[in-house]
Amino acid sequence: MKDYSEEENRRDAGALFDMVHAIRSCKLPVIGRINGNAFGGGVGLIAACDIAFTVPEAKFGLTEVKLGLVPAVISRFVIDKIGRSAASRYFLTGERFSASEAFRIGLVHGVSSDLAALDEQVNAIITEFRTAAPQSLATCKTLIEEVASFPTIMHSKPYVTRCIAEVRVGAEAQSGLASFFDKKPAPWVDSSKVKREKKEKA
């Protein structure tokens, strides 16, 4: 990067953007298990995850300005995750911040006491995902992206009403609703596995 030409830097930055975007646009939920420090692009990778957890000793920072750089490529991903106010502080100061601060600003969704607790927290979320309809998960990810792009709530109305109408008549929703009214597990749920995992957590 240091000895790259401007064109080489542009290609390198494009590759980084594509990598982070691939995480954010993945049709399956992406969980970040953060068991150490994350700076610069590492924070961008966390921001691209749907859910992230970390441990108390982890440190974070958007430290690019300390090197004469800017967090340009990851900026949209990070701002979407932590908001403009927090981004203003940490983009401009380049200061490091704690796991508790990462939680406060929304970069991570929880701080586990240690690595064992971190694994328990991640596994608990995985268990929840296993009871969710696969296509619904993918549609929810698209829903979040699309709705956030509308300038006002009313602008979102045509999209959200069409979305739920299409989903309701789909095979997955029909089978899920039928299972609910019949008081049976949905077809995509391995009930024996979920029960076993919940029992192990109890």
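Here the structure is shown first, and the text comes after it.
Residues numbered from 1 in each chain as written. Predicted model: local features only at pLDDT ≥ 70, side-chain atom pairs only at ≥ 80, totals over all residues. Heavy atoms only, no water.

A. Spotlight on the nonpolar core. Among the nonpolar cores identified, the biggest contains 30 residues, and Ile46, Phe60, Val78 and Leu107 are the most heavily contacted of them. When residues of this core are traced back to their parent elements, those giving at least two are helix H2 (41–48), strand E3 (51–54), helix H3 (75–93), helix H4 (99–104) and helix H5 (115–130). When residues in this core are grouped by element, the largest group, seven residues, is from H3. In this structure, phenylalanine 60 is in contact with Ile34, Ala38, Phe39, Ile46, Thr54, Glu95, Arg96, Phe97, Ser98, Ala99, Ala102 and Leu107, ignoring residues within four places of it in sequence. (Core = buried A, V, L, I, M, F, W, Y, C linked by side-chain atoms within 4.5 Å. Buried < 20%, exposed > 50% of the residue type's maximum accessible area, 1.4 Å probe, protein only. Helix = DSSP H or I, 4+ residues; strand = E, 2+ residues; numbered from the N terminus. Contact = heavy atoms within 4.5 Å.)

B. Quick peek at the packing of aromatic side chains. Evaluation of the coordinates by the stated rule reveals five aromatic pairs. Ring geometry for phenylalanine 60 and phenylalanine 97: centres 5.9 Å apart, planes at 20 degrees, overall stacked. Highlighted residues: phenylalanine 60 in strand E4 (residues 59–61) and phenylalanine 97 in strand E5 (residues 96–98), separated in sequence by 37 residues. In terms of burial, phenylalanine 60 and phenylalanine 97 fall into one category: buried. Pairing phenylalanine 180 with phenylalanine 181 gives two aromatic rings, centres 5.3 Å apart and planes at 75 degrees, and the pair type is edge-to-face. The two residues phenylalanine 180 and phenylalanine 181 agree in class, both being exposed. Connected via pairs of aromatic rings, a cluster forms that spans Phe60, Tyr90 and Phe97. (Phe/Tyr/Trp six-rings, centres within 6.5 Å; stacked < 30°, edge-to-face > 60°.)

C. Up close: the sheet that holds E4. In space, the three strands of this open sheet follow the order E2-E4-E5, with mixed pairing throughout. Taken across any chain shown, the strands that pair with only one partner, and hence form the sheet edges, are strand E2 (38–39) and E5. (Pairing = 2+ DSSP bridges.)

D. Structural view of the side chain of threonine 63. Tracing the backbone through its elements, the reader meets threonine 63 in the loop between E4 and H3. We classify threonine 63 as buried; its relative accessible area is 17%. Each residue touching threonine 63, except ones within four places of it in the same chain, is listed here: Phe39, Gly40 and Gly94.

E. The arrangement of the layout of surface pockets in detail. Volume-wise, the largest pocket comes out at about 680 Å³. If you trace the largest pocket, you find 31 residues lining it, with Arg24, Lys141, Thr142, Ile144 and Glu145 closest to the centre. Elements with a contribution of two residues or more to the lining of the largest pocket: helix H1 (6–24), H2, H3, helix H6 (134–149) and helix H7 (153–168). Considered class by class, the residues forming the lining of the largest pocket number 15 nonpolar, six polar and 10 charged. The computed volume of the second largest pocket comes to approximately 480 Å³. A per-element tally of the lining of the second largest pocket places H1 first, with four residues. Its residues placed into classes, the lining of the second largest pocket shows 11 nonpolar, four polar and two charged. (1 Å grid on protein atoms, 1.4 Å probe; cavity = no way out; pocket = protein on both sides within 12 Å on 5 of 7 lines; lining within 4 Å. Points joined across faces, edges and corners; volume = space filled by probe spheres on them. Nonpolar A, V, L, I, M, F, W, Y, C, P; charged D, E, K, R; others polar.)

F. Main features of unusual backbone geometry. Backbone geometry at lysine 183 places phi at a positive 60 degrees, although glycine is not the residue there. Among the structural elements, lysine 183 can be located in the loop between helix H8 (171–181) and helix H9 (191–201).

G. Representation of a nonpolar patch on the surface. Nonpolar side chains collect at one region of the surface, where Met1, Tyr4, Leu67 and Leu69 lie side by side and expose about 440 Å² of accessible area between them. Within the element layout of this structure, tyrosine 4 appears in the segment before H1. Tyrosine 4 sits in the partly exposed class, given a relative accessible area of 39%. (Patch = residues over 30% accessible without salt bridge, like charges linked within 9 Å, V, L, I, M, F, W, Y side chains within 5 Å. Areas by Shrake-Rupley, 256 points an atom, 1.4 Å probe, with all protein chains shown as cover. Salt bridge = Lys/Arg side-chain N within 4 Å of Asp/Glu carboxyl O.)

H. The packing of H1 against H2, seen in detail. Look at H1 against H2: their axes get within 8 Å of each other, and the N-to-C directions meet at 25 degrees. Looking at the two axes, H1 sits roughly parallel to H2. For the pair H1 and H2, contact is made by Met19, Val20, Ile23 and Arg24 and by Gly44, Leu45 and Ala48, respectively. Grouping the constituent residues of the contact of H1 with H2 by class yields five nonpolar, one polar and one charged. (Axes fitted to C-alpha atoms, helices over the stretch in contact; angles between N-to-C directions. Parallel < 35°, antiparallel > 145°, perpendicular 65-115°, else oblique.)

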